[in-house]
Every structure is written in C-alpha cells, then in structure tokens.
2 protein chains.
Amino acid sequence: MSITVVGSVAYDSIETPAGRRDRCLGGAATYFSLSASFFTDVRVIAVVGEDFGRRQEAVFQARNIDTRGIEHTAGKSFFWEGSYLENLNEAKTHNTELNVFAAFEPKIPDAYRDSDFLFLANIDPVLQRRVREAMPDVKLVAGDTMNYWINDHRPALLEVLKGLDILLINDTETRILGGSTNLVQAARAVMALGPRSLVVKHGEYGATLFYSSTPKSKGTEFRTPAMLLEEVVDPTGAGDSFAGGFFGYLASQPELTPAAYRSAMHYGTVMGSFACERFGTERLQQLTRKEIDKRFQLLHELTHID
Amino acid sequence: MSITVVGSVAYDSIETPAGRRDRCLGGAATYFSLSASFFTDVRVIAVVGEDFGRRQEAVFQARNIDTRGIEHTAGKSFFWEGSYLENLNEAKTHNTELNVFAAFEPKIPDAYRDSDFLFLANIDPVLQRRVREAMPDVKLVAGDTMNYWINDHRPALLEVLKGLDILLINDTETRILGGSTNLVQAARAVMALGPRSLVVKHGEYGATLFYSSTPKSKGTEFRTPAMLLEEVVDPTGAGDSFAGGFFGYLASQPELTPAAYRSAMHYGTVMGSFACERFGTERLQQLTRKEIDKRFQLLHELTHID
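This report concerns the structure included in the present document. (Residues numbered from 1 in each chain as written. Chains lettered and ligands numbered in written order. Predicted model: local features only at pLDDT ≥ 70, side-chain atom pairs only at ≥ 80, totals over all residues. Heavy atoms only, no water.)

### Some remarks on the pairing of strand β4 (residues 42-48) of chain B
All names here are of chain B.
(1) Moving on: The element β4 is extensively covered by neighbouring structure, given that seven of its seven residues are classed as buried.
(2) Moving on: Across the two faces of β4 the burial is the same, with V42, V44, A46 and V48 and R43, I45 and V47 all buried.
(3) Moving on: Bridging between strand β1 (residues 3-6) and β4 involves four bridges; their strand directions are parallel. By the bridge assignment, V6 is partnered in β4 with I45.
(4) Moving on: Alignment of β4 against strand β5 (residues 66-72), held across five bridges, turns out to be parallel. Within the sheet, the bridge partner assigned to V47 lies in β5 and is E71.
(5) Moving on: Traced from β4 through helix α2 (residues 54-61) to β5, the parallel crossover comes out right-handed. (Buried < 20%, exposed > 50% of the residue type's maximum accessible area, 1.4 Å probe, protein only. Helix = DSSP H or I, 4+ residues; strand = E, 2+ residues; numbered from the N terminus. Pairing = 2+ DSSP bridges. Right-handed = clockwise from strand over helix to strand, strands pointing away.)

### Notes on the relation of the copies chain A and chain B
(1) Moving on: Superposing chain A onto chain B takes a rotation of 180 degrees combined with a translation of 0.0 Å along the rotation axis, leaving an RMSD of 0.0 Å. Here the symmetry operator amounts to a two-fold rotation axis.
(2) Moving on: Most of the interface of chain A is mirrored in chain B: 100% of its interface residues are interface residues there too. (Least-squares fit on C-alpha atoms with pLDDT ≥ 70 in both. Contact = heavy atoms within 4.5 Å.)

### What about the pattern of salt bridges?
(1) Moving on: By the definition in use, this model includes 42 salt bridges over all chains.
(2) Moving on: Between R20 of chain B and D22 of chain B there is a salt bridge, with its nearest N and O atoms 2.8 Å apart.
(3) Moving on: Using a relative accessible area of 51% as the deciding quantity, one classes D22 of chain B as exposed.
(4) Moving on: For K107 of chain B, the salt bridge goes to E71 of chain B, with nearest N and O atoms at 3.2 Å. Note that K107 of chain B is positioned in the loop between β7 (92-97) and β8 (117-120) and E71 of chain B in strand β5, a separation of 36 residues in sequence.
(5) Moving on: E71 of chain B sits in the partly exposed class, given a relative accessible area of 27%.
(6) Moving on: Taken together, the shared-partner salt bridges in this structure form one network comprising E15, R20, D22 and E81 of chain A. (Salt bridge = Lys/Arg side-chain N within 4 Å of Asp/Glu carboxyl O.)

### Digging into the interface of chain A and chain B
For an interface, size is often stated in terms of accessible area lost upon the parts coming together.
(1) Moving on: With 33 residues of chain A in contact, the opposing surface of chain B contributes 33 residues.
(2) Moving on: Summing both partners gives a buried area of about 2,900 Å² for chain A against chain B, and 52% of it is carried by carbon and sulfur.
(3) Moving on: It is Y205, R223 and I305 of chain A in chain A that bury the most area against chain B; as a group they hold 29% of the surface buried on that side.
(4) Moving on: On the surface where chain A and chain B come into contact, there are four salt bridges.
(5) Moving on: In this structure, E204 of chain A and R175 of chain B form a salt bridge, with 3.3 Å as the shortest nitrogen-oxygen distance.
(6) Moving on: At the surface where chain A touches chain B, the tally comes to 22 residue pairs in polar contact (both at pLDDT 80 or more).
(7) Moving on: The set of elements that each furnish at least two residues to the side of chain A that touches chain B consists of α6 (171-178), α7 (183-191), β12 (207-211), β13 (220-224), α9 (258-275) and α11 (289-303) of chain A.
(8) Moving on: When its residues are assigned to classes, the side of chain A that touches chain B shows 15 nonpolar, eight polar and ten charged. (Buried area = accessible area lost by both parts, 1.4 Å probe. Polar contact = N/O pair within 3.5 Å; in protein donor to acceptor, adjacent residues only side chain to side chain. Nonpolar A, V, L, I, M, F, W, Y, C, P; charged D, E, K, R; others polar.)

And the structure:
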C-alpha cells in the first residue's frame with residue numbers, strides 16, 4: 001500500500017550538546033517519508049523555495065520517494081532554528097521563518113490519487129482537512145498536530161479529527177486536547193473526538209497505543225518503552241520518524257490486526273531511535289532495512305520476558 | 001527465601017488531587033514489606049514511638065510479617081507531611097519530623113539471622129552499612145537511596161554500594177550518582193561503584209533493569225512501561241512497593257535467572273500500580289495474590305506483541 005504524506009520540507013539549524021548543524025534538510029514530511037520509505041512506497045506533498053535544489057531532491061530519490069507533489073516556488077523554504085542545550089527532550093525554538101510555507105496550498109498530483117494511506121503531518125488543520133477531503137478514497141488516515149493548533153485553532157482541528165483513523169501526538173498534547181492530567185482519561189476524551197486509535201509519544205520513555213478496531217468495540221492498549229541509546233546526538237524529527245515507521249509498517253501489512261498495530265509501535269520506536277543518533281536526517285539517509293530489523297529484534301528482547 | 005528489610009515505619013499526612021489523609025501508616029519499610037509479603041516471608045527492622053499501637057501492628061500481622069525487629073521506644077514515630085497537588089510524579093514535602101528515628105540504631109533479632117535476602121530501604125547509609133555487615137551470610141542484598149544521601153553523604157553511600165547486589169533508584173538519582181545526563185552512561189557509572197544490577201524507576205513511565213550475572217559478563221537490559229491507571233489517588237510508597245514486588249518475587253524463585261529478573265520487573269510494576277490506587281497502604285492491605293497475578297497478566301498483554 002502506498003502512503004501520501006503532506007507536511008513541511010524545510011531547513012533546520014540545530015544546536016545540541018553534541019554540536020551544531022546549519023541549514024540541514026528537515027521538516028516533518030521529510031523525516032516521515034524517509035522513515036516510511038523503508039517499508040512502503042511514499043509520495044510527498046509539500047512546498048519548497050529556490051534554495052531546495054538537486055542535492056536535496058537526491059535525498060528523496062535515493063529512497064525512491066515520489067516528489068512530484070513537492071511544489072517549487074519563488075522565495076525561500078521554511079526555516080527553523082532551535083536548540084536542545086538544557087533538555088534533550090524539548091526543543092527551544094530560536095527562530096521560525098515560514099517563507100514559501102506561508103502561502104502553501106497543497107496540490108495533489110493525479111498520480112497520487114490511488115494512494116491507500118494518507119498521513120497529515122503537523123501543519124495548519126485547515127490544510128490538513130483540505131487534503132483529507134481531496135482524497136476521499138484512502139483506506140486509512142493518520143495525522144499529527146501540536147499545541148499551537150490545539151490551543152489557538154481548535155475548531156479547525158476538531159474538523160480534522162473527525163476524519164482521522166489514527167492520531168499521533170505527545171503526552172502534553174494529549175492532556176491538553178483531552179482536558180485531563182490523567183493519560184487514560186485524556187486519551188478517551190481525544191478518541192471521542194474522532195480518531196479510533198491514538199498513539200501517545202512519551203519521548204525518551206516510549207509510546208502508548210490506544211486502539212479500537214471499530215468505534216464501539218472495547219479496544220486494546222499497548223505500551224512500549226524507548227530504545228536505550230548511549231548517545232542522543234539530535235532528537236529533531238524523532239517523532240516524525242516514529243510516525244513514518246509506525247504508519248509505513250502498517251501500510252506494508254496485508255491485514256490491520258491488533259498484532260500489526262503492536263509491531264508497528266515497535267517499528268516506530270526503532271525508527272525514532274535511529275533519527276536521534278546523528279544530526280538531522282543523516283542517520284535515516286544511511287540506514288538499511290537489515291539494521292532496522294536487527295534493532296526491532298533488540299527491542300523485542302528489551303521488552304519481552306521470554 | 002525470607003527477606004529482612006530495614007527502613008522507616010512512619011506516619012504520613014498526604015494531600016493529593018483526590019483528597020487528604022492525616023497520619024496514615026507509611027514508611028519505606030512498611031510499603032516494602034506489605035508488598036513483598038505476597039511473595040515470601042518478610043521480617044522488619046525499624047523503630048517506632050508510643051503512637052504505634054496494636055492497630056498498626058495488626059496491619060503487619062495480617063500479612064504474616066515478622067515484627068520482632070520493630071523496636072518500640074519513648075517518643076513519637078517518624079512523621080512526614082507532603083502533597084502532590086501540582087504534580088502527581090513528585091511529592092512536595094511540607095514537614096519531616098524524625099522523632100524516634102533520629103537515634104535509630106538497628107538491632108537484628110537472632111531469629112532474623114538466617115534470612116537469605118536483605119533489603120536496605122532508604123535510610124542513612126551509615127545504618128545501611130551497619131546492617132549489611134551484621135548479616136554477612138545473606139545471598140542477595142538490594143538497596144535504595146535518595147538525592148540527599150547522594151549529594152551530602154557520598155563517602156558513606158559509596159561504602160554501601162560496594163556491598164550491594166542490586167540498587168533501585170529513580171531517574172534523577174541515577175543521573176546524579178552516575179554523573180551523566182545519558183541514562184545508559186549514568187547506569188554504567190553507577191554499576192562500576194558496586195551493584196551488579198541497577199533498577200531505574202521512571203515513575204509513571206515504568207522502569208529499566210541493567211543486569212549482569214557476574215561483574216565481568218556483558219549482562220542484559222530490560223524495560224517495562226508502567227500500568228495504565230485511570231486514576232492515581234496517591235503515589236506515596238509506589239517506589240517502595242515496586243521494590244517489594246521486585247525483590248519479593250526474586251526471593252520466591254528457585255533460581256535467579258535473567259528471566260526471573262524480567263518477571264520481577266513486571267511484579268514490581270504491578271505492586272507499584274496497586275499502591276497508587278488508594279491512599280497510603282490501603283490498597284496493599286486489601287490486596288489478594290489472585291489480583292496481583294491477574295494484573296501481571298494484563299501487563300504482559302500490554303507489553304508483548306503476540
């Protein structure tokens with residue numbers, strides 16, 4: 001099954017205790033698609049400026065990612081600058097320049113219209129909804145969002161949630177969106193807004209899946225800790241890489257069983273851990289499926305009693 | 001195998017978002033021994049004042065816990081007052097009265113001397129060491145400590161660590177004691193101080209085991225998330241209840257295999273979760289082994305792919 005993803009393709013300047021990188025390739029759609037490309041065909045919808053050239057294009061092509069939906073316009077690409085000097089779990093944003101992203105109007109290439117899966121990365125919920133409505137035939141829709149949209153664009157976000165099968169957000173976002181400090185109660189409230197399944201990402205502590213196969217069924221829950229990493233070089237994009245591994249694995253499965261969702265949680269964890277090992281997308285660019293499956297096995301040993 | 005535990009038996013006044021309890025039975029040795037008593041024979045060494053009467057004694061007796069090592073002296077028992085109003089993961093201490101605990105000199109009843117396992121709950125490392133040295137024949141020694149001892153009584157604590165097989169502490173304590181913000185590197189540094197195994201408790205996010213069967217072997221790691229709780233009434237004693245479940249289960253096993261350590265991590269998680277469900281020791285007092293094993297099975301389902 002192929003996945004279409006809509007989101008940001010950007011440049012990031014990042015500082016962490018391990019060092020600094022200026023204007024490296026980033027953006028949620030970039031991390032997501034690189035990560036998911038190890039499991040299935042991926043097609044990207046985004047907008048970039050004149051600073052996005054052949055070298056950046058080649059990063060996607062090396063992973064056979066379809067970039068016909070990346071629109072090139074006059075101006076500069078989305079730019080983010082941040083650091084993790086005090087806390088590796090939370091970025092401190094120093095600068096955000098929307099640039100060409102400010103006028104982004106997602107256009108869906110005809111060649112993308114037979115995609116089975118759709119991922120709405122963290123962008124304006126108005127755009128998320130537009131893409132969702134333009135692709136009514138997809139079988140499974142997942143999405144991400146952030147505090148800014150939850151707090152200041154709630155009505156638009158609520159419309160998006162109605163059309164989502166799976167929402168992937170972090171702890172704090174879950175508690176704010178669900179209106180409870182208790183994770184279970186917050187998750188239940190979030191799922192009442194639309195998504196049948198919710199993946200709550202806990203950063204260095206792993207992730208929790210709240211899953212129900214139908215709106216009325218009791219459902220199931222699954223928790224995984226994170227990998228143990230001897231060094232976290234740069235956590236930028238770990239959440240989007242998790243989403244890519246999770247959704248990419250699901251797209252590769254013949255049937256969406258609870259067991260497939262559980263394995264998807266582990267593949268998401270594995271991909272998030274790789275993303276942290278080097279700056280930007282460096283590690284994802286040099287990864288092999290063999291390394292992924294080896295780490296999947298390691299995570300199994302780390303979490304299973306026998 | 002029987003366990004001797006030395007630590008505090010105390011009164012706690014606790015306020016949480018769920019309500020308030022004044023002067024309920026508490027203390028690390030209390031939580032630990034109630035929890036461990038579901039798995040093996042437990043013997044307590046502690047000191048209490050005149051306010052500790054038959055009703056409190058009965059709590060231990062109901063679980064067949066040997067209280068001959070609880071010394072009764074003139075004065076009042078250790079008292080702690082705290083709240084969790086802003087953050088259920090971290091207590092805010094309002095008042096601590098050492099009372100009879102200030103002059104605590106642990107005395108080991110002869111009947112305790114054939115104990116196989118020893119648990120040194122969080123008390124002055126000078127006392128931990130004294131008890132350890134007075135029981136040279138125990139087969140396995142585990143212990144707990146806290147930031148205060150790590151920061152201000154480090155030389156005494158280092159002496160204790162040399163005699164420990166297993167240390168159970170939380171994230172922050174591990175990073176401070178090990179001198180690294182990276183958990184893996186901090187854990188390695190802590191284990192170089194003595195304990196062959198280290199259990200790092202992550203509160204609502206679970207726990208990590210760093211285990212090595214011999215000082216020179218490569219060892220193994222195991223991570224478990226916490227249970228999903230719909231309501232956390234009072235997290236007081238959750239860490240000590242975890243330790244009781246973990247160490248109690250180990251003491252009940254014919255052989256200390258890596259698989260036994262893994263199951264022990266899950267039993268610890270289960271006992272910690274029960275402790276949070278009501279104020280003080282209320283839930284542990286009314287628990288059954290059947291409920292424990294049922295929740296152990298739930299945790300298995302929550303964390304295992306198949």
